[in-house]
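Each chain, written out:
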Amino acid sequence: MITKEHELFLELCKFKKNNKEKLKTLITENATPAVLGELFFNRMQGIAYGVLKNANLLGKTNREFRNSLRNAHRYNLILNNNYYDCIDLVSRILQPHRDKYAMLKGALLCNVHPEGYRTSNDIDLLVRPNDVTIIGTTLV
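Let us look at the layout of surface pockets. Roughly 180 Å³ of internal volume is contained in the largest pocket. Arg-43, Leu-79, Asn-82, Tyr-83, Lys-105, Gly-106, Arg-118, Thr-119, Ser-120, Asn-121, Asp-122 and Asp-124 together form the lining of the largest pocket. By residue number, the principal contributor to the lining of the largest pocket is helix 5 (residues 63–93), which donates three residues. Residue classes in the lining of the largest pocket are distributed as two nonpolar, five polar and five charged. By volume, the second largest pocket is sized at about 150 Å³. Arg-43, Met-44, Gln-45, Gly-46, Ile-47, Asn-76, His-113, Tyr-117, Arg-118 and Thr-119 together form the lining of the second largest pocket. Considering each element in turn, the lining of the second largest pocket owes the most residues, three residues, to helix 4 (residues 45–54).

Below, the discussion takes up the side chain of Thr-32. Along the chain, Thr-32 turns up in the loop between helix 2 (20–30) and helix 3 (33–41). Given the relative accessible area of 18%, Thr-32 is considered buried.

Cut-offs applied
- Residues numbered from 1 in each chain as written.
- Predicted model: local features only at pLDDT ≥ 70, side-chain atom pairs only at ≥ 80, totals over all residues.
- Heavy atoms only, no water.
- 1 Å grid on protein atoms, 1.4 Å probe; cavity = no way out; pocket = protein on both sides within 12 Å on 5 of 7 lines; lining within 4 Å.
- Points joined across faces, edges and corners; volume = space filled by probe spheres on them.
- Helix = DSSP H or I, 4+ residues; strand = E, 2+ residues; numbered from the N terminus.
- Nonpolar A, V, L, I, M, F, W, Y, C, P; charged D, E, K, R; others polar.
- Buried < 20%, exposed > 50% of the residue type's maximum accessible area, 1.4 Å probe, protein only.

This is the structure we're talking about:
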């Protein structure tokens, strides 16, 4: 990626404090296939869609760039809903042992970020060594 594309990529990843004026100057000429590929490769496409939507700049991108980000964001929403269902199921199964484990990473971060920005595909549990057997047996 050239410097301006790299700048755009980084700005599209800043969903809390992005520079809308910088985005506006970079988006038209630098929303290239290389930037799009980096967004997908780094799982930042949902965030990039939200950043552009919130800045009212989606219309400044070409159709392929815009639709790819929009569709990825929609897919992320579906993944998030399915993931939340899985978390609920595991939480119900482990309810009798709720003091013996803690959910980490995706189980917590998906709720911290706006919907469709972050996805996860597994549930990480922190379990004390003495409790591994009871948690494992309960999950089987």
